[in-house]
Amino acid sequence: MKKIILSICALAVLQSCIVSTAAKAVTGVAKLGYKAVKGTVKGVSWAVSKANGKIDKDRIDGTWKIVGVYHGSFEQFSQDQNPESSFNSECVDGFDQIIFNSKRSKYKPVHCSTEKESWEKYDFEFGKNPLTKEKENYLEFNSSNYISIIDINSKTMILEGSLMPKQAFSGGKLYLLEKIK
C-alpha cells in the first residue's frame, strides 16, 4: 500500500514538473516569435542592436533598395513594443535606391531607378559622431551631415539620419535597406 501511495505522489510531482516546464518553453517560444515579428518588415529583418566595433568600409559597397522607414530614432525603435515601419514608394516602375562605391567613397541616391542623380562624396568614419556624441560607424558628407550606420550584413543595412529629405520632414530617421547588387 505504501508503494502505491508513494508512486502516486511521485507521479503527481513529475506531472506538475512536466507541465510547468512545457509552459516555460511555450512562453519562451512566444517571446522569441514576438521579437522576430517585431524586427521584420516585408520579410526583411531589422537589426535590433548596434554593430560593435568598426565595420569594414567595403561592406557598404553595392546597390541598396530602401524597404522600410521608421519614424523615430534607433533608441526609440529599440524601446518600442510595436514599431511600425512605413515606406510607400511613389515609384510606379522601379524603386528608391542608393548606390555606394566604397573604393571612391562616393554614393548616389537614385529615385525610382532612374540614374539621373550625380555622385556625392562621403567619408566613412569610426569614432565619436559629432551629431549623436556616441562612438559609432558613420558617414560624413558635405562636411556637416552625418548618417549613422547601425548595422550591416550581406543582405541588409540599417542607417540613421536624414538620408531622404522627403521622409525626414515627416519624421523618418531610421532606414532599412536591402542589397540588390
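Before reading on, note that the structure itself is shown above.
Report on the accompanying structure. Quick caveat: nothing in here was measured; it's all calculated off a predicted structure.

This part is about the pairing of strand S10 (residues 156-160). Counting buried residues in S10 gives 5 out of 5 residues, a clear majority hidden from the surface. Going residue by residue along S10, you find Thr-156, Ile-158 and Glu-160 tucked away on one face and Met-157 and Leu-159 tucked away on the opposite face as well. Between strand S9 (residues 145-152) and S10, which pair antiparallel in sequence order, lie 3 residues. When S10 meets strand S11 (residues 174-179), the two strands line up antiparallel, connected through 5 bridges. Each bridged residue has a counterpart across the sheet, and for Ile-158 the counterpart in S11 is Leu-176.

Pairing of strand S7 (residues 123-128) with strand S8 (residues 135-141), which is carried by 6 bridges, proceeds in the antiparallel orientation. The residue of S8 that forms the bridge with Gly-127 is Glu-136.

Next up on the list: a positive patch on the surface. Residues Lys-54, Lys-57, Arg-104, Lys-106 and Lys-121 make up a contiguous surface patch of positive charge. Along the chain, Lys-121 turns up in strand S6 (residues 120-121).

Turning to the environment of Gln-97, a few remarks are in order. Mapped onto the elements, Gln-97 comes out in strand S4 (residues 97-101). Classification of Gln-97 by relative accessible area gives buried; the value is 8%. Along the primary structure Gln-97 and Thr-63 are separated by 34 residues, whereas in three dimensions their C-alpha atoms are 6.9 Å apart.

Below, the discussion takes up the sheet that holds S7. Across the sheet, 9 strands lie side by side as S6-S5-S4-S3-S11-S10-S9-S8-S7; this open sheet has antiparallel pairing. In this open sheet, the two strands that pair with only one neighbour each are S6 and S7. One ladder, built from 4 bridges, connects S9 with S10; its direction is antiparallel. Its bridge partner lying in S10, Asp-151 is registered against Ile-158.

Parameters at a glance
- Residues numbered from 1 in each chain as written.
- Predicted model: local features only at pLDDT ≥ 70, side-chain atom pairs only at ≥ 80, totals over all residues.
- Heavy atoms only, no water.
- Buried < 20%, exposed > 50% of the residue type's maximum accessible area, 1.4 Å probe, protein only.
- Helix = DSSP H or I, 4+ residues; strand = E, 2+ residues; numbered from the N terminus.
- Pairing = 2+ DSSP bridges.
- Patch = residues over 30% accessible without salt bridge, like charges linked within 9 Å, V, L, I, M, F, W, Y side chains within 5 Å.
- Areas by Shrake-Rupley, 256 points an atom, 1.4 Å probe, with all protein chains shown as cover.
- Salt bridge = Lys/Arg side-chain N within 4 Å of Asp/Glu carboxyl O.
- Lys, Arg positive; Asp, Glu negative; His and termini not counted.
- Charge placed at Lys NZ, Arg CZ, Asp CG, Glu CD.

Shape descriptors only; they carry no functional weight alone.
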